[in-house]
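Each chain, written out:
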Amino acid sequence: MELRQLSYFVAVAEELHFGRAAERLHIVQSAVSQQIQRLERELGAELFDRSPRRVRLTGAGERLLPEARAVLAATERARAAVAPPAGLRIGTSTGLGAHLDRVLDAFARRAPDVPVELYSLPVGERLARVAGGRLDAAFVRAVEPVPGIRVHPLWPDPLVAALPAAHPLADRAEIGVEELAGLPLALTERRTNPALVDLVVGACREAGFEPLPGPSPGSLQDTLASIGAGLLWTVVYASHARVLHSPRVAFVPFRAPGLSLATGLAVPAVTPSPHLAALLLACDDHEH
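These lines cover the structure that appears in this document, whether it is placed above or below. Here, residues in each chain are numbered from 1, in the same order as that chain's written sequence. Selection of residues for local features in this predicted model requires a pLDDT of at least 70, selection of side-chain atom pairs for listing and counting requires 80 or more, and totals for whole chains, interfaces and linings are taken over all residues. With hydrogens and water excluded, all non-hydrogen atoms of the structure serve as input to the side-chain values.

**Describing the overall build of the protein chain**
Thinking step 1. Strands here are runs of E lasting at least two residues and helices are runs of H or I lasting at least four, both read from the DSSP assignment and numbered beginning at the N terminus. Per the secondary structure count, the protein chain includes 10 helices and 11 strands.
Thinking step 2. Note that the radius of gyration is over C-alpha atoms, with the globule rule given as 2.2 Å times the number of residues to the power 0.38. The C-alpha radius of gyration computed for the protein chain amounts to 28 Å, which surpasses the reference 19 Å derived for 288 residues by more than 25%, pointing to a less compact arrangement than a globule.
Thinking step 3. Burial status follows relative accessibility: with a 1.4 Å probe on protein chains alone, a residue under 20% of its type maximum counts as buried, one over 50% as exposed, and anything between as partly exposed. For the protein chain, the residues scored as buried account for 40% of the 288 residues in total.
Thinking step 4. Sequence separation of at least 24 residues holds for 72% of the intrachain contacts in the protein chain that already meet a minimum separation of 6.
Thinking step 5. Counting rule applied: Lys, Arg positive; Asp, Glu negative; His and chain ends not counted. All charge positions are set by atom: Lys at NZ, Arg at CZ, Asp at CG, Glu at CD. The positive charge centre, built from 29 side chains, and the negative charge centre, built from 31, are 6 Å apart in the protein chain. Contacts were defined at the residue level, with two residues in contact if any of their heavy atoms lie within 4.5 Å.

Okay, here's the thing in structure tokens:
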């Protein structure tokens, strides 16, 4: 009896169709049928009642199914016991700046043998992958609750204004949102980042003006190039602004209370990664 045969048997038992089982296993149907027949000969019992219209488990097949699943599960546990440590898959976004470096350094001290893979993705994709188990965690900002996900609050991320370096406001230590009323605002589309857009547009309206629409946004690099070449503004996370080098653009903080979005770590609500506790402690280390 081979593990491969048990795997094929379980697939057919769950699909109750040789063709669909073959597609699931990514092999040809004839190979599935041959291995099942060999298993039946070895066990001396028919496992499936095959008719032109349907495939059903026989009594022997029904008794074998839980045992086959148990053997396959035990095999996976045996492999996991000797496998190298699984990596940690983290979703990231632009703007984390030095925050991310400090968290990764703290995690490396706590779990030096665990490799980390970073995936820079739109927030919707980050959340979908965490919910689906394709990411162990993801940094997010001010997201709406998502089924199957918990968000651990981490730190506030202040925003600064990005202005042309030649603008009179560029040399100020801080500015009020109302002082930007006369400049067009270059901002991402709301569907891309609703929390950010609502925060900035809402701050403008509270300051007594409707922001003038700027050019269609592209990448942040393109937006900063446009700001350096003309009279418009945008917002950038302060942690990201510290690592940006754009001599034609000035980054100026907003006057208190300022603008900020809360950053959190999205994790699965159930069956978290074994390394997730170390990552959360690393986030706490970062704050102290």
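So, next bit.
**Details of the packing of helix H2 (residues 18-25) against helix H3 (residues 29-43)**
Thinking step 1. Two elements in contact, H2 and H3, have axes whose closest approach is 8 Å; the angle formed by their N-to-C orientations is 105°. Considering the angle they form, H2 stands roughly perpendicular to H3. Where H2 abuts H3, its residues Phe18, Gly19, Ala22 and Leu25 lie against Gln29, Val32, Ser33 and Ile36.
Thinking step 2. In this classification, the charged set is Asp, Glu, Lys and Arg, the nonpolar set is Ala, Val, Leu, Ile, Met, Phe, Trp, Tyr, Cys and Pro, and all remaining amino acids, among them Gly, are polar. Among the residues making up the contact of H2 with H3, the classes are represented as 5 nonpolar, 3 polar and no charged. Whenever a helix is involved, its axis is fitted only over the stretch in contact; in every case the axis is a line through C-alpha atoms, and angles between N-to-C directions fall within 0 to 180 degrees. Any angle that is under 35 degrees is reported as roughly parallel, and any over 145 degrees as roughly antiparallel; angles of 65 to 115 degrees are reported as roughly perpendicular and all others as oblique.

**Section: the environment of arginine 110**
Thinking step 1. Looking at the element boundaries, arginine 110 is found in helix H5 (residues 98-110).
Thinking step 2. Relative accessible area serves as the criterion here: at 42%, arginine 110 is assigned to the partly exposed category.
Thinking step 3. Between the alpha carbons of arginine 110 and aspartate 284 there is a distance of 12 Å; along the sequence they are 174 residues apart.
Thinking step 4. Those residues in contact with arginine 110, other than ones at most four positions away along the chain, are Ala278, Leu281, Ala282 and Asp285.

**Concerning the side chain of glutamine 5**
Thinking step 1. Relative to the helices and strands, glutamine 5 is located in helix H1 (residues 3-15).
Thinking step 2. For glutamine 5, a relative accessible area of 3% puts it in the buried group.
Thinking step 3. Nitrogen and oxygen atoms within 3.5 Å of one another constitute a polar contact, given that in protein one can donate a hydrogen and the other can accept it, and given that sequence-neighbouring residues count only through two side-chain atoms. Of the polar contacts made by the side chain of glutamine 5, one reaches the side chain of glutamine 35; its length is 3.3 Å.
Thinking step 4. Setting aside residues no more than four positions away along its own chain, glutamine 5 makes contact with Gln35, Ile36, Arg38, Leu39 and Glu42.

**Focus: the nonpolar core**
Here is a general trend for soluble globular proteins: nonpolar side chains tend to be buried in one another's company.
Thinking step 1. In plain words, nonpolar cores are sets of buried Ala, Val, Leu, Ile, Met, Phe, Trp, Tyr and Cys residues tied together by side-chain atoms within 4.5 Å. Residues Leu163, Ile175, Leu180, Trp233, Val235 and Phe254 are the most contacted members of the largest nonpolar core, which totals 27 residues.
Thinking step 2. Elements with a contribution of two residues or more to this core: strand S6 (149-164), helix H7 (194-206), strand S9 (234-237) and strand S10 (249-253).
Thinking step 3. It is H7 that provides the largest number of residues to this core, a total of 7 residues.
Thinking step 4. With residues up to four places along the chain from it excluded, the contact list for valine 235 reads Leu159, Val160, Leu187, Leu196, Val200 and Phe254.
Thinking step 5. Counting residues in hydrophobic clusters, the runner-up holds 20 residues, among them Ile90, Ala111, Val114 and Val267.

**Thoughts on the packing of aromatic side chains**
Thinking step 1. Side-chain rings of Phe, Tyr and Trp, where Trp is taken by its six-membered ring, are said to pair if the distance between their centres is within 6.5 Å; with planes under 30 degrees apart they count as stacked, over 60 as edge-to-face, and otherwise as tilted. Here the structure, examined in full by the defined rule, presents 4 aromatic pairs.
Thinking step 2. Measuring from centroid to centroid gives 5.8 Å for phenylalanine 18 and phenylalanine 48, while their planes differ by 70°, and the two rings are edge-to-face. In this pair, phenylalanine 18 sits in helix H2 while phenylalanine 48 sits in strand S1 (residues 48-50), placing the two residues 30 residues apart along the sequence.
Thinking step 3. Residue classification places phenylalanine 18 among the buried positions, given a relative accessible area of 9%.
Thinking step 4. For the ring pair phenylalanine 139 and tryptophan 155, a centre distance of 6.1 Å and an interplane angle of 35° mean the geometry is tilted.

**A word on the side chain of threonine 75**
Thinking step 1. Within the element layout of this structure, threonine 75 appears in helix H4 (residues 59-82).
Thinking step 2. Accessibility expressed as a relative area gives 17% for threonine 75, which makes it buried.
Thinking step 3. A distance of 2.8 Å separates the side chain of threonine 75 from the backbone oxygen of valine 71, its partner in a polar contact.

These figures capture arrangement, not role.
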